[in-house]
Amino acid sequence: MERLRSSLLVLALAGLAGRSDACLNDIELEGHEREFRSQYSQLAESSEAPETPRPRSLFARDDVLLGGGAALLVGAFALASRRDRAGA
Amino acid sequence: MSARGRVAWTAAAALAAWCVAYVGVQVAHLFDQPGRHPELARQFRPPHHVPEHAGGVPFRFAMAHDVIHERFAKHGLAYYRERDRVVREKLAALAPDDPATFPLLDDLAVGVERLGRSDEAASIIRDKLARQTAKGLGGRDLYTSYANLGTFLIHGSFAQAAAGDPAARERLREGVGFIRKSVEVNPAAHFGRERWQAAIAEFLLAAMDDPTLLEKYDCVGNRLDLPLNEIMGDRRSTGYGRPYDMMFAEDTTFQRDRTEEGLGRAWITKVGAEEGWEGVDVPSHRARVPFDEPALGIIGMWRQGGGANPHFALALGETMLRVGQRSIAWSAFERASRLAGRYSTIPEIQAFLRAHCYERQAEIERRLDPNSPIGDRLRSAFDAELAHGQGYQEDFQDYEAARIAAGGSIEDEHFLDDFPRRDEAIASPSGREERADVTLMSDLRASVSERARAVALFASGIAAFATSALLGLRPGRRRKAGGPGVEAMESVTPTPAPRP
């Protein structure tokens, strides 16, 4: 009796068990696919960012370094020349 | 020292410092990785935007979200009953050997299948196939017959096969064979759905012989027993998966691939067929594949096939987890757990699925917000979203039934014009998830070079200024010690003695 009940339970559950649901090919398929494609391609085109250019620099302080370095160089050569002229 | 000499020493110091600093910065970044510099990332369209087949539909994450929450229109029984009547009328007006009957027979059989009569549907297509063969048709002309017949045989026999009926299992195998034939004659059809249909049916057949497989793998071969940190083990310390391979920024072929076909499908994160899968009898799916291929196959089967299914929901959850879409994965696990009663005929395996989904969800919740429990909030949002999708489908089907009852023709192109929710966008919008933020190795190298030049110029300036200052101070010190220095004395022009 217990085995019979168990078998009935399995059979009852078998009707509910997952199956490999699939695509079916009929007159609607083409329309479904067209609609599917258009739904997501339109949304994607409007919301996705285009490729962006390369970020300018990895280091935010590069401008400071470049400016400071250039100023120091100018100052250094000016200092050398000025002392020379002063001495003259 | 002469002015020329001081300038020369200053220039030499500047040059030396420039070289040392430039080389130093380059050496310091020699082993730097692009992944460590998100601030350098550019935004690209991710590689899964390139479809598998030319002209195919590219995957969007919103598609997965929408099937899980039933956010798509779906015909109801009233529609298929009406279509069955219309198709039979058309067939009655044609001679049996008229080739125009072939697509109508597909429509008839699919309608019958939708009404739950799989065996009758299979019989209709067997008859059609025999007529096609008699007419000498072959190859791609038989594609829809193979695909439909395979599907009907699988559907019609699955329940009995799962219950252990050997004849039903044989019909199931025959159905898988027809699906394989359909793939052979038309491999690119419908996002490759048939390929995944065959693979999933093979897996479920294997699981009928060994139900423990359902506790080890999902239907595309993602391991269920791996913890999240192992799943993400090869994701280069991002802490979560990504839909693209993190290595691609470091590959020299990247630029070429990107130019030729977006970012190139070679960089899509691969899923399925994980460790041990080689021992599972699934000939249609042997190796890891880009995640969008099974995902699109499942989405297609879900929408155009039999609808929600615990195997599909589980596979979407495991797949989304592996590509970093944790919210979609959480929802997929929620859906799978609610469908667990259809996962297996064995109650213990159904219980396993529920427990597995809860564990995955709990882990996702901890990672999404380590400081507060968010499960209840996610579940409420899921309920609302699912109710929205199912409500839309019910409204759509009620409208169809009412229109048909009122004498409307399902073939009228304006059949849906008066559907009150017609203008409502049921599909979800895409967002940031459809962007790839990538730091390219070439960008890192260029940026390091820029930094090296900046540091080198600064070091050069400091060295030049220091040299110049030091050289300028030297004569002053000599004067203090013992009168004018050599340079000062040399520079002094002798003045003539004043005349008495």
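Model, not experiment: these values are computed from the prediction.

> How should I be thinking about the overall build of chain A in this particular structure?
Secondary structure summary: chain A contains three helices and zero strands in total. Counting across all 88 residues of chain A, residues that qualify as buried make up 25%.

> Looking at this structure, I do not really get the overall build of chain B. What am I missing?
Of the regular secondary structure elements, chain B holds 17 helices and four strands. Considering chain B as a whole, with its 500 residues, one finds that 45% of them fall into the buried category. For chain B, the share of sequence-separated contacts (at least 6 apart) that also reach a separation of at least 24 residues comes to 68%.

> Explain the confidence of the model for chain A to me, please; I cannot follow it from the model alone.
Predicted coordinates in regions of low pLDDT should not be interpreted in detail. All names here are of chain A. Looking at chain A as a whole, its pLDDT mean stands at 66, while 45% of the residues score no less than 70. Looking over chain A, one finds the lowest element-wise mean pLDDT in helix α1 (residues 2–16), namely 41, and the highest in helix α3 (residues 62–87), namely 81. This model gives residues 1–21 a pLDDT under 50, and the stretch forms 37 contacts once residues within four places in sequence are excluded.

> Looking at this structure, how should I read the nonpolar core?
Proteins that are soluble and globular tend to have nonpolar side chains buried together. Core analysis: the biggest nonpolar cluster contains 102 residues, and B:Ala64 and B:Leu316 have the highest contact counts within it. Counting residues in hydrophobic clusters, the runner-up holds 23 residues, among them A:Ala80, B:Val25, B:Ala454 and B:Ala463.

> Hey, could you run me through helix α6 (residues 143–162) of chain B in this one?
The periodicity of an α-helix, 3.6 residues per turn, causes residues three or four positions apart to be oriented the same way. Residue and element names in this part refer to chain B. Spanning 20 residues, α6 covers 27 Å between terminal C-alpha atoms, matching the ideal 28 Å at 1.5 Å per step. The largest bend along α6 measures about 35° and falls at glycine 156. Judged by how many residues are buried, α6 sits mostly within the fold: 18 of 20 residues are covered. Just past α6, the residue glycine 164 takes up positive phi, approximately 105°.

> How do you make sense of the packing of helix α4 (residues 101–114) of chain B against α6(B) when you look at a structure like this?
Axis angle and axis distance: for two packed helices, these are the angle between their axes and the distance between the axes, and together they describe the pair. All names here are of chain B. Direction vectors running N to C along α4 and α6 enclose 20°, while the axes themselves pass 11 Å from each other. As far as their axial angle goes, α6 and α4 are roughly parallel. At the point where α4 passes α6, the crossing takes the left-handed sense. Along its contact with α4, which presents Asp106, Ala109, Val110 and Glu113, the element α6 presents Thr144, Asn148, Phe152 and His155. For the contact of α4 with α6, the class distribution of residues is three nonpolar, three polar and two charged.

> How should I be thinking about helix α8 (residues 193–209) of chain B in this particular structure?
Spanning 17 residues, α8(B) covers 25 Å between terminal C-alpha atoms, matching the ideal 24 Å at 1.5 Å per step. Burial of α8(B) is extensive: 15 of the 17 residues sit out of reach of the surface.

> Help me understand the packing of helix α12 (residues 310–322) of chain B against helix α13 (residues 326–338) of chain B in this model?
All names here are of chain B. Where α12 contacts α13, the axes come no closer than 8 Å and their chain directions differ by 160°. Considered as vectors, α12 and α13 are oriented roughly antiparallel to each other. The crossing of α12 and α13 is left-handed. Between α12 and α13, the residues in contact are Pro310, Ala313, Leu314, Leu316, Gly317, Met320 and Leu321 and Arg326, Ile328, Ala329, Ala332, Phe333, Arg335 and Ala336, respectively. Classifying every residue of the contact of α12 with α13 by side-chain character gives 11 nonpolar, one polar and two charged.

> Just to check I follow, could you spell out the environment of B:Gln33 for this structure?
Structurally, B:Gln33 can be placed in the loop between α1 (3–28) and β1 (42–44). Put simply, B:Gln33 and B:Leu440 are 407 residues apart on the chain and 9.4 Å apart in space, counted from C-alpha to C-alpha.

> Whenever I open this one, the confidence of the model for chain B confuses me. Can you help?
All names here are of chain B. Per-residue confidence for chain B gives a mean pLDDT of 87; residues scoring 70 or more make up 89%. Low pLDDT, under 50, characterises residues 476–500; the predicted model gives this stretch 13 contacts beyond four residues in sequence or across chains. Complex prediction metrics read pTM 0.80 and ipTM 0.72.

> What is the right way to read the environment of B:Tyr217 from this model?
Residue and element names in this part refer to chain B. By secondary structure assignment, the location of tyrosine 217 is in the loop between α8 and α9 (228–231). Taking the C-alpha atoms as reference points, tyrosine 217 and leucine 440, separated by 223 residues in sequence, lie 35 Å from one another. In this structure tyrosine 217 touches Asn222, Arg223, Leu224, Trp277 and Val280, once residues within four positions along its chain are discounted.

Criteria and thresholds
Along every chain, residues carry numbers that run from 1 in the direction the sequence is written. Naming scheme: in the order in which they are written, chains are lettered from A and ligands are numbered from 1. Whole-chain, interface and lining totals are the exception, using all residues; otherwise, since this is a predicted model, local features are given only for residues with pLDDT of at least 70 and side-chain atom pairs are given and counted only at 80 or more. By definition, any uninterrupted DSSP run of H or I lasting at least four residues is a helix, any uninterrupted run of E lasting at least two residues is a strand, and each is numbered from the N terminus. Remark: C-beta atoms are placed from the backbone, and a residue is labelled buried if 20 or more other C-beta atoms sit within 10 Å of its own, exposed if 12 or fewer do, or partly exposed between those counts. The contact rule is simple: place each C-beta atom from the backbone, and if two of them lie within 7 Å, those residues are in contact. Within a predicted model, pLDDT stands for the predictor's per-residue confidence, ranging from 0 to 100. Each nonpolar core comprises buried Ala, Val, Leu, Ile, Met, Phe, Trp, Tyr and Cys residues, the members being joined through C-beta atoms within 7 Å. The span one expects for a helix is its residue count, reduced by one, times 1.5 Å. Bend angle per residue: angle between axes fitted to the 7 residues ending at that residue and the 7 residues starting there. The axes are straight lines fitted to the C-alpha atoms, using for helices just the contacting stretch, and the angles between their N-to-C directions are given from 0 to 180°. Reported orientations rely on four angle classes, namely roughly parallel under 35 degrees, roughly antiparallel over 145, roughly perpendicular from 65 to 115, and oblique for the rest. Crossing handedness is read from the near helix: turned anticlockwise from the far helix by less than a right angle, it gives a left-handed crossing, and turned clockwise, a right-handed one. Side-chain classes are defined by residue name, with Ala, Val, Leu, Ile, Met, Phe, Trp, Tyr, Cys and Pro counting as nonpolar, Asp, Glu, Lys and Arg as charged, and the others, Gly among them, as polar.

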